[in-house]
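The residues making up each chain are set out below.
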Amino acid sequence: MISRWHASNSGFLKCGPAKRSLPETRSSSSFAARRAAKDPHDTAAQCLHAGSVFYVGRFEEALRLLAPLAVKVPNEGRVHIYTGMAHLWLGRRQEAATAIARALAVNPHDPD
């Protein structure tokens, strides 16, 4: 994931959109989607689904899944980190910086 150094290094947030080189993991993504659909109140399943969508490069969809989680579990730093990284992959540096700053604010000792 992203470390405190990455979040504070201005050069990191100035890079352009990254080229996708993510592995396809459709089986884990579909498992997570089924689990999340089975119980929309299962926060762990919703997080798993958002993460699996992120890791197959569907960043806009990941952002849509992460938005309600940021409200539901606002002190979960990983939600904000994934949000920031999705924005970064999409070339939205300011949104990425804001989300990563939020992640560091809510959990400054998280190693991710």
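Look a little higher up for the structure.
All figures in this text were calculated on a predicted structure; none of them were measured in a lab.

A. Inspection of the environment of A36 at higher detail. Within the secondary structure layout, A36 lies in helix α3 (residues 26-38). Measuring from C-alpha to C-alpha, the distance between A36 and C47 comes to 8.5 Å, with 11 residues separating the pair along the chain.

B. Up close: helix α5 (residues 59-72). With 14 residues, α5 extends 20 Å from end C-alpha to end C-alpha; this agrees with the ideal 20 Å at 1.5 Å per step. L66 marks the point of greatest bend in α5, at about 25°, and the proline P68 comes within the next four residues. Those residues of α5 that are buried are in contact with α4 (43-55) and α6 (77-89).

C. A look at the packing of α6 against helix α7 (residues 93-106). With their axes 7 Å apart at the nearest point, α6 and α7 run at an angle of 165° to one another. Taken together, the axes of α6 and α7 are roughly antiparallel relative to one another. Like other packed secondary-structure pairs, α6 and α7 cross with a definite hand, here left-handed. Counted together, G77, H80, I81, T83, G84, H87 and L88 of α6 and R93, E95, A96, A99, I100, R102, A103 and V106 of α7 form the full contact between these two elements. By residue class, the composition of the contact of α6 with α7 is seven nonpolar, five polar and three charged.

D. Structural view of the side chain of Q46. Position of Q46 relative to the elements: it lies in helix α4. Given a relative accessible area of 17%, Q46 falls into the buried group. Ignoring anything within four residues of it in the chain, the contact list for Q46 reads A36, D39, P40 and L69.

E. Summary view of the pattern of salt bridges. If you walk through the whole model with that rule in mind, you get three salt bridges. For E61, the salt bridge goes to R58, with nearest N and O atoms at 2.8 Å. We classify E61 as partly exposed; its relative accessible area is 25%. Overall, the relative accessible area of 37% leaves R58 in the partly exposed class. Ionic pairing is found between E76 and R78, a salt bridge with its closest N-O pair at 3.7 Å. The class of R78 is partly exposed, set by a relative accessible area of 37%.

F. Region of the structure containing the packing of α5 against α6. Remark: α5 packs on α6, axes separated minimally by 9 Å, with the N-to-C direction vectors making an angle of 150°. As judged from the angle between their axes, α5 and α6 are roughly antiparallel. As for how α5 packs across α6, the hand of that crossing is left-handed. The residues of α6 that touch α5, namely those facing F59, L63, L66, L69 and A70, are V79, H80, Y82, T83, A86, H87 and W89. Class assignment for the residues of the contact of α5 with α6 results in nine nonpolar, three polar and no charged.

G. Structural context of the nonpolar core. Counting 17 residues, the largest nonpolar core has F54, F59, A62, L66, L69, M85 and A86 as the members making the most contacts within it. For this core, the secondary structure elements donating two or more residues are α4, α5, α6 and α7. Broken down by element, the residue count for this core peaks at seven residues, all from α6.

Conventions we followed
Every residue gets a number counted from 1 within its own chain, in the order that chain's sequence is written. Owing to the predicted nature of the model, reporting of local features is limited to residues with pLDDT of at least 70; listing and counting of side-chain atom pairs is limited to 80 or more, with chain, interface and lining totals taken over all residues. Only hydrogens and water are set aside; all other atoms, that is, all heavy atoms of the structure, feed into the side-chain values. In this description a helix means any DSSP run of H or I spanning at least four residues, a strand means any run of E spanning at least two, and both kinds are numbered starting from the N terminus. The span you would expect from a helix comes to 1.5 Å times its residue count less one. Fitting one axis to the seven residues ending at a residue and another to the seven starting there, the bend at that residue is the angle between the two axes. In this description, contact between two residues means that some pair of their heavy atoms is separated by no more than 4.5 Å. Axis lines are fitted to C-alpha atoms, over the contacting stretch for helices. Their N-to-C directions set the angle, which ranges from 0 to 180 degrees. Note on terminology: angles under 35 degrees are roughly parallel, angles over 145 are roughly antiparallel, angles of 65 to 115 are roughly perpendicular, and the others are oblique. Left-handed is the label given to a crossing in which the near helix is rotated counterclockwise from the far helix by less than a right angle, and right-handed is the label when the rotation is clockwise. Under the convention adopted here, Pro, Cys and the residues Ala, Val, Leu, Ile, Met, Phe, Trp and Tyr are nonpolar, Asp, Glu, Lys and Arg are charged, and Gly plus all remaining residues are polar. Relative accessibility thresholds used throughout: buried, under 20% of the residue-type maximum; exposed, over 50%; partly exposed, between the two (1.4 Å probe, protein chains only). In the sections that follow, a salt bridge refers to a side-chain nitrogen of Lys or Arg positioned within 4 Å of a carboxyl oxygen of Asp or Glu. Only buried residues count toward a nonpolar core. Its members are Ala, Val, Leu, Ile, Met, Phe, Trp, Tyr and Cys residues joined through side-chain atoms within 4.5 Å.

Just distances and angles here, no functional claims.
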